[in-house]
Amino acid sequence: MNISLTNMGGPMMGGGSAQMSGGAMRLRADQGTVKQGTMSFFVTNNGSVTHELVVLPLPQSQIVGTQPIGGDGKIDETRSLGEASNTCGQGSGEGILPGASGWVTVTLPSGRYELICNLPGHYAAGMYSQLTVR
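Note that this is a predicted model, so its numbers are computed, not measured.

S.K.: When you look at the sheet that holds strand S7 (residues 101–108) in this model, what are you seeing that I'm missing?
M.R.: The strands that make up a sheet are held in pairs by hydrogen bonds between backbone atoms, and each pair lies either parallel or antiparallel. As summarised here, the arrangement of the four strands in space is S2-S1-S4-S7, forming an open sheet in which the pairing is mixed. Two strands lie at the open edges of the sheet, namely strand S2 (25–29) and S7, each paired on one side alone. Going across the sheet, the axis of each strand differs from the next one's by a mean of 20°, ignoring polarity. Across eight bridges, strand S4 (residues 37–45) lies against S7 in antiparallel orientation. Note on S7: the bridge partner recorded for Phe41 is Val104.

S.K.: Would you mind going over the side chain of Ser85 with me for this structure?
M.R.: Mapped onto the fold, Ser85 is located in the loop between strand S6 (82–84) and S7. Since its relative accessible area comes to 0%, Ser85 is described here as buried. Discounting residues that sit within four places of it in the chain, Ser85 has contacts with Glu52, Gly91, Ser92, Gly93, Glu94, Gly95 and Ile96.

S.K.: Help me understand the pairing of strand S9 (residues 128–133), please; the structure alone is not making it clear to me.
M.R.: The side chains of a regular strand alternate between the sheet's two faces. Where strand S3 (residues 33–34) meets S9, two bridges bridge the pair, whose relative direction is parallel. Pairing of Thr33 across the sheet is with Thr132, part of S9. Bridge analysis of strand S8 (residues 111–116) against S9 gives six bridges, and the strand direction is antiparallel. From the neighbouring strand, Leu115 faces S9, where its bridge partner is Ser129.

Reading guide: rules and limits
Going along each chain's sequence as written, the residues are numbered from 1 onward. Whole-chain, interface and lining totals are the exception, using all residues; otherwise, since this is a predicted model, local features are given only for residues with pLDDT of at least 70 and side-chain atom pairs are given and counted only at 80 or more. For the side-chain quantities, the full set of heavy atoms in the structure was used; hydrogens and water were omitted. Strands are labelled as partners when DSSP assigns at least two bridges between them. In this text, helices come from DSSP runs of H or I with a minimum length of four residues, and strands from runs of E with a minimum of two, each type numbered from the N-terminal end. Here an angle of 0 to 180 degrees is reported between the N-to-C directions of two axes, which are lines fitted to C-alpha atoms, with helices fitted over the stretch in contact. The cut-offs for exposure are 20% and 50% of the maximum accessible area for each residue type, with area from a 1.4 Å probe on protein chains only; residues under the lower value are buried, those over the upper are exposed, and the others partly exposed. When checking whether two residues touch, look at their non-hydrogen atoms; a contact exists if any pair is within 4.5 Å.

So this is what it looks like as structure tokens:
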């Protein structure tokens, strides 16, 4: 599955601050529904700032984009099934640099998932997408 990470504006957007709102950033998946099993996410950062991808289970009663945001501008990712935040590599790191890619492979049972960028302020700025696994 291909994931595109983008943001509006140039490198100095917001004076370098991630405190944006109103959908200034986007996380787009090329599929919304997939079959259960092993899934590789190839993540490309088409933006001008560092981004990442975190895969989280989404409870049936939860609406995508409504996770509580902490004082650090991030959501709780303790239930993460995996992340792509390593430039030109797999797994966790310091984020995927602008113009670069990373990847992660996870095994997903059927259910609903939220794909997010959990760098400070990015989730609130619109970097999330729902994935349904059947």
